[in-house]
Amino acid sequence: MSKANEYHAWFESLSNPSERYELDQIIYSDREGGLLQVAHDMSALGETSGAEWRQIFQDRGRRNQWPYGSGVWGKKEWVLPGIEDENIVSMYEGHTNLFWAERYGRELGIDDLWLKLCGNSHTGSFKDLGMTVLVSQVKQMISDGANIPAVACASTGDTSAALSAYAAAAGIPAVVFLPRGKISMAQLIQPVANGAIVFALDTDFDGCMEIVKQVSEEDGVYLANSMNSLRIEGQKTVAIEILQQFDWETPDWLVIPGGNLGNVSALAKGLDMMLDLGLIDRKPRICVGQAEAANPLYLAYQNDFEVFEPIAARSTVASAIQIGNPVSYAKAVDALRRYDGVVEQASEGEILEACAAADRTGLFNCPHTGVALVALAKLRSRGLVKKSDRVVVLSTAHGLKFTDFKLDYHQMKLEHWTSENPNPPIELPAKYSDVRDAMVREIGVRFGGS
Ligand SMILES: *Cc1c(COP(=O)(O)O)cnc(C)c1O
């Protein structure tokens, strides 16, 4: 059924498209040290009409014909057309729920607010979308005889969880470098449990990145960080999925938290391909939210991206985006320019309160999603986002991976913030009259009874 072999993809230099490499070459940057991207033979893809592609994606989704049921591999021709199906390492990722956040939208003054829960995935974050592609390519290379002793990444938590799971499923050794004490317990236990070789280093993410680059250069370990543009190919499918879920009607805004900036680049790349190949004909606008403690993109946006200065990222509750020198900066700027983009930032207090407020409407947000919610509230109050706009917030991880900060918030144990709406459990003796009084009082307080 697949015509995958008629299609071709390769690495090419972002700044010099004539510099090309095959996808089975072990290479992460171009001759000048700049970023590579995966490019596709668009004219071959263009022989199938936009309407036909939409139908193909529609027919494959969530079905059981290997490997097309996955949200990523249902778009195989657009992702990694050359890979053998038996080398694909998939956990049925993608097809995450996109739902109308009616009550929280009302609080923000937005009638048509949607959340795309990318964290409802095998390892609890969108990182699965990219990692299935990278680990599959590695499995392909190993089965073709390449000598790859292990796959490695530096991580603020979610990348290492995804790498560890997919590598374990493939039977390939994984090595992960984490900043000691800077990730959540849930994030640490995932690579530990999946049998990865886990290093907790006394540095930050950027410091871990330096080490992983070194072991990949010196020791032939395959680099799984997002400077490896294979991951972007998987992550871009989230854009396609969102459009699919809206019956190919383009929303007005996509709001996404950004750290290393691979994900926003991927989002734009998915949109680019759908526009080029005629699946959609209208562009959404994109907003990237950054934590104020780690805001190099926001600062560059203030001067129209004329100058970029890496910063030393400060500690933030949004630990997965505590990155001062984003690898995919150039791709993100390009994406923002093409999608009439905006960058906003969120202070620690704003993040905590936005998460808590949204959780009270039935959501259960990771702090990075909180950053996006703060950004959105700011765009709304500036009038950039209108009441009737259709807005999609990309929720990047499952809230259950980040319960520590919620616990601290509700127990009033945060170091630098006094929680505005804590909801600690009410501790009482098991006596009916006491319980009843407290219950009636609380219902009144919370639901506006007098
Ligand atoms: C990785 C990650 C991000 C940031 O994505 P980038 O591609 O680094 O910008 C945001 N949220 C979560 C939960 C993540 O794991």
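## Quick notes on helix 5 (residues 127-143)
Here comes step 1: In this model, helix 5 (17 residues) spans 24 Å end to end at C-alpha, consistent with the 24 Å of a helix rising 1.5 Å per residue.
Here comes step 2: In terms of burial, helix 5 is a largely internal element, 14 of the 17 residues being buried.
Here comes step 3: Positive phi appears at Gly145, one or two residues downstream of helix 5, with a value of about 105°.

## Details of the packing of helix 10 (residues 237-245) against helix 11 (residues 262-276)
Here comes step 1: Here helix 10 crosses helix 11 at 60°, and the two axes come no closer than 6 Å. By the angle between their directions, the pair helix 10 and helix 11 is classed as oblique. Of the residues in helix 11, those touching helix 10 at Val238, Ala239, Ile240 and Leu243 are Leu267, Gly270, Leu271 and Met274.
Here comes step 2: Its residues placed into classes, the contact of helix 10 with helix 11 shows seven nonpolar, one polar and no charged.

## Describing the pairing of strand 11 (residues 285-291)
Here comes step 1: Counting buried positions along strand 11 yields six of seven residues, so the element is predominantly enclosed.
Here comes step 2: The pairing of strand 10 (residues 253-257) with strand 11 spans five bridges and is parallel. When the sheet's bridge partners are listed, Val255 is paired in strand 11 with Cys287.
Here comes step 3: Traced from strand 10 through helix 11 to strand 11, the parallel crossover comes out right-handed.
Here comes step 4: Where strand 11 lies against strand 12 (residues 342-346), five bridges are found, and the strand directions are parallel. Looking at strand 12, one finds that Gln290 is bridged to Gln345.

## Observations concerning the sheet that holds strand 8 (residues 197-201)
Here comes step 1: Pairing in this open sheet of four strands is parallel, and the strands run 8-7-6-9 from one edge to the other. Both outer strands of the open sheet, strand 8 and strand 9 (222-223), are each paired with one neighbouring strand and no more.

## Brief notes about the site of the ligand
Here comes step 1: Inspection of the region around the ligand gives 14 residues, with Lys127, Asp158, Leu261, Asn263 and Thr396 positioned closest.
Here comes step 2: Note that an oxygen atom of the ligand is positioned 2.8 Å from one of the backbone N or O atoms of Asn260.
Here comes step 3: Contact distances for the ligand include 2.8 Å between an oxygen atom and a backbone N or O atom of Leu261.
Here comes step 4: Protein chains shield 97% of the accessible area of the ligand, which is 380 Å² for the free molecule.
Here comes step 5: When the residues that make up the shell around the ligand are grouped by side-chain class, the tally is five nonpolar, seven polar and two charged.

## Here's the deal with the nonpolar core
Here comes step 1: Counting 96 residues, the largest nonpolar core has Trp78, Leu163, Met274 and Ile286 as the members making the most contacts within it.
Here comes step 2: Top contributing element to this core by residue count: helix 5, with seven residues.
Here comes step 3: Setting aside its immediate chain neighbours within four residues, Leu163 contacts Met131, Val135, Val151, Ala152, Cys153, Ala174, Val175, Val176 and Ala224.

## Overview of the side chain of Ser121
Here comes step 1: By the element assignment, Ser121 lies in the loop between strand 5 (112-117) and helix 5.
Here comes step 2: Dropping the residues within four chain positions of it, Ser121 is found in contact with Glu93 and Asp128.

## Section: the packing of aromatic side chains
Here comes step 1: As enumerated under the stated definition, the model contains nine aromatic pairs in all.
Here comes step 2: Arranged with centres 4.0 Å apart and planes meeting at 25°, the rings of Phe308 and Tyr329 form a pair that is stacked. Of this pair, Phe308 sits in the loop between helix 12 (296-302) and helix 13 (329-338) while Tyr329 sits in helix 13, and the two are 21 residues apart along the sequence.
Here comes step 3: Look at Phe308 and you get partly exposed, because its relative accessible area is 25%.
Here comes step 4: Taken together, the aromatic side chains of Tyr7, Trp53, Phe57 and Trp78 make up a single cluster linked through ring pairs.
Here comes step 5: Positioned above the aromatic ring of Tyr339, the side-chain terminus of Lys283 is 4.9 Å from the ring centre.
Here comes step 6: Between Lys406 and the ring centre of Phe364, over which it is positioned, the NZ or CZ distance is 4.5 Å.

Conventions and cut-offs
- Residues numbered from 1 in each chain as written.
- Predicted model: local features only at pLDDT ≥ 70, side-chain atom pairs only at ≥ 80, totals over all residues.
- Heavy atoms only, no water.
- Helix = DSSP H or I, 4+ residues; strand = E, 2+ residues; numbered from the N terminus.
- Expected span 1.5 Å × (residues − 1).
- Buried < 20%, exposed > 50% of the residue type's maximum accessible area, 1.4 Å probe, protein only.
- Axes fitted to C-alpha atoms, helices over the stretch in contact; angles between N-to-C directions.
- Parallel < 35°, antiparallel > 145°, perpendicular 65-115°, else oblique.
- Contact = heavy atoms within 4.5 Å.
- Nonpolar A, V, L, I, M, F, W, Y, C, P; charged D, E, K, R; others polar.
- Pairing = 2+ DSSP bridges.
- Right-handed = clockwise from strand over helix to strand, strands pointing away.
- Near = heavy atom within 4 Å.
- Polar contact = N/O pair within 3.5 Å; in protein donor to acceptor, adjacent residues only side chain to side chain.
- Areas by Shrake-Rupley, 256 points an atom, 1.4 Å probe, with all protein chains shown as cover.
- Core = buried A, V, L, I, M, F, W, Y, C linked by side-chain atoms within 4.5 Å.
- Phe/Tyr/Trp six-rings, centres within 6.5 Å; stacked < 30°, edge-to-face > 60°.
- Lys NZ or Arg CZ within 6 Å of the ring centre and 35° of its normal.

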